[in-house]
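Below, each chain spelled out in residue letters.
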Number of protein chains: 2
Amino acid sequence: MPDANVLSFSGYSAVFNALSLAVAAMLAGTLFFFFSRTQVGFKYRPALLVSALVTAIACYHYFRIFNSWVEAHVVQPDKTFALTNITFNDAYRYMDWILTVPLLLVELVAVLGLPKEQSRGLLVKLAIAAFLMIALGYPGEVQTNMGLRTLWGTLSTIPFVYILYVLWNQLGASLETQPETVKPLVRGARLLTLASWGFYPLAYMIPLLGNSLPYEGKQVGIQVGYTIADIVAKVGLGVFIYFIAIAKTENDAKTGAAPFEPALAAA
Amino acid sequence: MPDANVLSFSGYSAVFNALSLAVAAMLAGTLFFFFSRTQVGFKYRPALLVSALVTAIACYHYFRIFNSWVEAHVVQPDKTFALTNITFNDAYRYMDWILTVPLLLVELVAVLGLPKEQSRGLLVKLAIAAFLMIALGYPGEVQTNMGLRTLWGTLSTIPFVYILYVLWNQLGASLETQPETVKPLVRGARLLTLASWGFYPLAYMIPLLGNSLPYEGKQVGIQVGYTIADIVAKVGLGVFIYFIAIAKTENDAKTGAAPFEPALAAA
């Protein structure tokens, strides 16, 4: 049944436009985080730089995914889209996540400006767990055997749950030392991370539903869903990081806790 | 009647050249807003940065729209242009607006430097309404059924009218606290926003005229019209934002209300 793998014009276009939107959003995010660094105090600038790296990496990958989507389909005389012999390369997403997910955790911890030992401990734990989560998910994603897909998916869930646990408990505990204006923002950033990350295991499980879901619904649901989750998790989190950095800079100015520019403080 | 969907050389070129002009105008706007930030006081720089993001996002989309226009047409032996089997993707405009329209409202409110609670309240209202306006317009734009087009268009008009109301009343009220040199500029920016935005519903309604307007007139009118409205609404508004920021910086220097650089103020 090769006909089953045909997309309607509107299904094809929904993915096409969502991928292009992601390129634009990641580009705008990169410019904003990169050039906003001088609006915040010296010690929060690395967090904004890392936010810019995350969206820059994602911008590159969405360019590639967009081109891969176009090359993988060919328009038919009736305006539907059939598959070409070039396979749509969804693995770009895993190449993206293996770099960006540890970096997302770095930016979240970095902006808090915790004592060095505390933030280093948190970062090592979270980055290793994030790496394991993506690396264990990948062999399952490229499986056609649904038993093996479930096995790798389950293994990948262990570091995922561990990250949630660390974010909730340890980040929660260190939250208590944050100034009052900062606390609700950090809570918001943590919630946004969990809500957007929660989407990925759901999309991962869609193929396990088998033929109970039509081809178009599956393809459009997975691609548009991953894309929206990526925009929220990367640009959305970055915007929270920016507002946290602004609030902490204002608090430092009030309390004299940290200079805006170290060079001027030394002068 | 496939012949009805043929553009004359001058009709095709009018759109082609307008789209290229938009790429150039958006690029120039991006560079100007971006590098003008150091000409204005610290607190007005985010407004200029957001202006640069808006034109950068639009520059990306006009590149895509230009390429889509070229791919969607093929020149005939008699120098007229017929449609290819690749559909011209007008949805790029909606992907652009969903990002840039909320940002345009952000830059307009940000440059006023209102007290935090006041500007946050205004922004949340305006950004949500802008998002709804675009999201409700899109399903109508891709409709061939004119009844449904009218329905979605009408729904989209509700948040549109709400934005006009908030800009006129609430922005008008906060205008009273602005210095005398700034007031006429803010009024001008508000008027320019409303005048350029007013064009979009007109272009949206053109297909409702049906066959009373020839294909070429409809296509060229919509594309050139949207393009001019976008240049005015994005680059034009950004220029107003720049002059408002300059006037407010000069006023702050006179009254000592805000430092040009926070680091220097602390030293």
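Please refer to the structure higher up on the page.
Residues numbered from 1 in each chain as written. Chains lettered and ligands numbered in written order. Predicted model: local features only at pLDDT ≥ 70, side-chain atom pairs only at ≥ 80, totals over all residues. Heavy atoms only, no water.

### What about the interface of chain B and chain A?
Listed per partner, the contact involves 26 residues of chain B and 25 residues of chain A. A buried area of about 2200 Å², summed over both sides, lies between chain B and chain A, and 68% of it is on carbon and sulfur atoms. At the boundary of chain B with chain A, the tally comes to 1 salt bridge. One salt bridge in this structure joins Lys116(B) and Glu250(A), with 2.8 Å as the shortest N-O distance. Put simply, chain B and chain A have 7 residue pairs in polar contact (both at pLDDT 80 or more) between them. Secondary-structure elements contributing two or more residues to the side of chain B that touches chain A are α2 (45-71), α3 (91-110), α4 (116-141) and α8 (262-266) of chain B. Top element by residues in the side of chain B that touches chain A is α2(B). It accounts for 9 residues. Considered class by class, the residues forming the side of chain B that touches chain A number 17 nonpolar, 5 polar and 4 charged. (Contact = heavy atoms within 4.5 Å. Buried area = accessible area lost by both parts, 1.4 Å probe. Salt bridge = Lys/Arg side-chain N within 4 Å of Asp/Glu carboxyl O. Polar contact = N/O pair within 3.5 Å; in protein donor to acceptor, adjacent residues only side chain to side chain. Helix = DSSP H or I, 4+ residues; strand = E, 2+ residues; numbered from the N terminus. Nonpolar A, V, L, I, M, F, W, Y, C, P; charged D, E, K, R; others polar.)

### Some remarks on the nonpolar core
Nonpolar side chains tend to gather and get buried jointly when the protein is soluble and globular. One finds Ile163(A), Trp197(A), Ile163(B) and Trp197(B) to be the most contacted residues of the largest nonpolar core, which totals 154 residues. When residues no more than four places from it in sequence are discounted, the contact partners of Trp197(A) are Val101(A), Leu104(A), Leu105(A), Met133(A), Phe160(A), Ile163(A) and Ala233(A). (Core = buried A, V, L, I, M, F, W, Y, C linked by side-chain atoms within 4.5 Å. Buried < 20%, exposed > 50% of the residue type's maximum accessible area, 1.4 Å probe, protein only.)

### Comments concerning the environment of Trp168(B)
All names here are of chain B. Checked against the element boundaries, Trp 168 lands in helix α5 (residues 146-175). Residue classification places Trp 168 among the partly exposed positions, given a relative accessible area of 40%. Dropping the residues within four chain positions of it, Trp 168 is found in contact with Arg 190, Leu 191 and Leu 194.

### Considerations on the side chain of Asp96(B)
Residue and element names in this part refer to chain B. Summarising the element assignment, Asp 96 is placed in helix α3. Asp 96 gets classed as buried once you look at its relative accessible area, which sits at 2%. Not counting residues up to four positions away in its chain, the partners in contact with Asp 96 are Ile 57, Ala 58, His 61 and Lys 234.

### Topic: the relation of the copies chain B and chain A
Mapping chain B onto chain A is achieved by rotating through 70° and translating by 0.1 Å along the same axis, at an RMSD of 0.2 Å. Such values leave the two copies arranged in the relation of a five-fold axis. The overlap is low: 4% of the interface residues of chain B also sit at the interface in chain A, so different surfaces are used on the two sides. (Least-squares fit on C-alpha atoms with pLDDT ≥ 70 in both.)

### Quick notes on the pattern of salt bridges
This model, assessed by the stated rule, comprises 17 salt bridges over all chains. Measuring nitrogen to oxygen at the nearest pair gives 3.0 Å for the salt bridge that ties Lys183(B) to Glu180(B). By sharing partners, the salt bridges in this structure join Asp90(A), Arg93(A), Asp96(A), Asp230(A) and Lys234(A) into a single network.

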